[in-house]
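Summary of structural features
Read off the chains here:
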Amino acid sequence: MDSIFPHRFLAWSGHASLNSSCLNTEFMSPYLQGGFISDDKKLRTLDRFQSNNRFGADLSWQILYGLIPNKGFLRKKNLGWYFHLGSNTIVGAQFTDDFGKLALFGNVPWLGDTLRLSPLGYRSLTWQELGFGLFRNYTSSFLKWNWFLSAQYVSPNEFSFINLNKGELYTALDGANVNLSGDFVYRSSDPHRSFYLNPRGAGFSLHGGLGLQARHWGAQVEVRDWGWVGWNIGSRILSLDTAFHFEGVYIPHILKVDTLFFSNLVDSLSRTLIPQFRYSRFGMKLPALFSLKIWAYVPGNHLALTAQIRYRASFFQIPEFSLGLIVQPHPVVAINFSGRYGGWGRWNGGLEVGFKLNHGWRLGMGTASLDAMIIPHINAGLGGYFCLIKSWKK
């Protein structure tokens, strides 16, 4: 927690997280690995469902190199520059408890019932970015502070958007027919372009922040991924407000979707959906990330207290609040115990460890979901992060 940029630095970091307000770790882990999920695990998951449920994942890495020239950049004292290269993947979803029942157990247990499937939403987005930015340090007798601002060229790779309003599914008492209705919107990036070497559009983003540090307290506010991307003319758009009637269709749960299920739907769906696909350019905002962090040192005890709020727009998150206690048992080791609520999940506890190594190296690693790894049948959350920094004084 230092609000002064080093004279020269190189940083490499990575982050991966997966969380849900309803799907606990004992369900998510075997599902991602293609393993068996027992009915007991499904029932425990079913007990966690609420009227509106969230699920999401975030995967990113970045490399930064920065420098303050001896006379300052553009001859401005303590003004430096940095390059930034990074990649980001974000997935978010929201769904009702009825949709969760259908996903876990199929439609057979709900004969004669109408399941409410909306609001249902899903979004996934992957992009890379290359940026250049400026930063500046300021010091006084009682305060250190800095600012940074960078602009990035964004190369978007993949985007999927699904939104269902007024969605309902009715299965007849004898199971002989199924009625599905809803107001459905689907958008996706060009499926015929390669993932990295042939981008599916172009865009820009801005990152910026301000940090303050006094003797016993500090604060940092930051905005990332504030920008816009445009997708090429091969992007697909589908809007549909209609109803389907299926004869003799059995809908399996999500872990047992087979070719027979799809073959029974192909004729009806293809006649309705394929002619209504439109191919068109469109633009969208990037999911900006806002964060505010404050901390206070406990004099003489090698302790610090932290509080933070984070919010990622447009991907079904709620604001995430966290509190932390940093303990420094040794001058080169710091341990952070944290608790949080929000984002895509509920309550979680985390553990992070940082090391000051020789020759200006620093290493940090940890997880924000340690509790879900220890008690996977109760809580949700997977993932972790690492950060490796090399700094030079001159």
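See the structure shown above.
Considering the packing of aromatic side chains
Given two aromatic rings, their pairing is described by the distance between the two centres and the angle made by the two planes. One pass over the structure, following the stated rule, counts 15 aromatic pairs. Centre to centre, the rings of Phe 95 and Phe 99 are 6.0 Å apart; their planes meet at 55 degrees, and the pair counts as tilted. Using a relative accessible area of 9% as the deciding quantity, one classes Phe 95 as buried. The structure contains a cluster of three or more aromatic residues connected by ring pairs, namely Phe 5, Phe 9, Tyr 82, Phe 135 and Phe 148. We note Arg 8 situated over the ring of Trp 392; from NZ or CZ to the ring centre the distance is 4.1 Å. A cation over an aromatic ring shows up here: Arg 187 above the ring of Phe 282, its NZ or CZ 5.0 Å from the ring centre.

Focus on helix H3 (residues 97-105)
Among all positions in H3, only Asp 98, Gly 100, Leu 102, Ala 103 and Leu 104 are buried. If you follow the buried residues of H3, they end up packed against helix H1 (25-33), helix H2 (39-48), strand S3 (79-95), strand S4 (114-116) and strand S6 (144-171). Phi for Gly 106, located one or two positions after H3, is positive at around 75 degrees.

Comments concerning the pairing of strand S8 (residues 201-213)
Two strands pair when backbone bridges link them, and S6 and S8 are joined in this way by eleven bridges, in the antiparallel orientation. By the bridge assignment for S8, Ala 151 is matched with Leu 206. Two elements, S8 and strand S9 (residues 217-231), share twelve bridges in a ladder whose sense is antiparallel. Residue pairing for S9: Leu 210 is matched across the bridge by Val 221.

Some remarks on the packing of H2 against H3
The interhelical angle for the contact between H2 and H3, taken along N-to-C directions, is 175 degrees, at an axis separation of 10 Å. In this view, H2 runs roughly antiparallel relative to H3, as classed from their interaxial angle. Along its contact with H2, which presents Lys 42, Leu 43, Thr 45 and Leu 46, the element H3 presents Lys 101, Leu 104 and Phe 105. Residues that form the contact of H2 with H3 fall into these classes: four nonpolar, one polar and two charged.

Notes on the pattern of salt bridges
What the rule picks out here adds up to eight salt bridges. For Lys 42, the salt bridge identified is with Asp 39, shortest N-O distance 3.9 Å. Of the two residues, Lys 42 and Asp 39 both sit in helix H2, three residues apart, roughly one turn of that helix. Asp 39 sits in the partly exposed class, given a relative accessible area of 47%. Residues Asp 225 and Arg 312 are paired through a salt bridge, measuring 2.8 Å at the closest nitrogen-oxygen approach. Of this pair, Asp 225 sits in strand S9 while Arg 312 sits in strand S14 (residues 303-312), placing them 87 residues apart in sequence. Of the residues examined, Asp 225 reaches a relative accessible area of 2% and is grouped as buried. One salt-bridge network, held together by shared partners, links Asp 58, Asp 225 and Arg 312.

Scoring rules and cut-offs
Residues numbered from 1 in each chain as written. Predicted model: local features only at pLDDT ≥ 70, side-chain atom pairs only at ≥ 80, totals over all residues. Heavy atoms only, no water. Phe/Tyr/Trp six-rings, centres within 6.5 Å; stacked < 30°, edge-to-face > 60°. Buried < 20%, exposed > 50% of the residue type's maximum accessible area, 1.4 Å probe, protein only. Lys NZ or Arg CZ within 6 Å of the ring centre and 35° of its normal. Helix = DSSP H or I, 4+ residues; strand = E, 2+ residues; numbered from the N terminus. Contact = heavy atoms within 4.5 Å. Pairing = 2+ DSSP bridges. Axes fitted to C-alpha atoms, helices over the stretch in contact; angles between N-to-C directions. Parallel < 35°, antiparallel > 145°, perpendicular 65-115°, else oblique. Nonpolar A, V, L, I, M, F, W, Y, C, P; charged D, E, K, R; others polar. Salt bridge = Lys/Arg side-chain N within 4 Å of Asp/Glu carboxyl O.

Keep in mind these numbers describe shape, not what the thing actually does.
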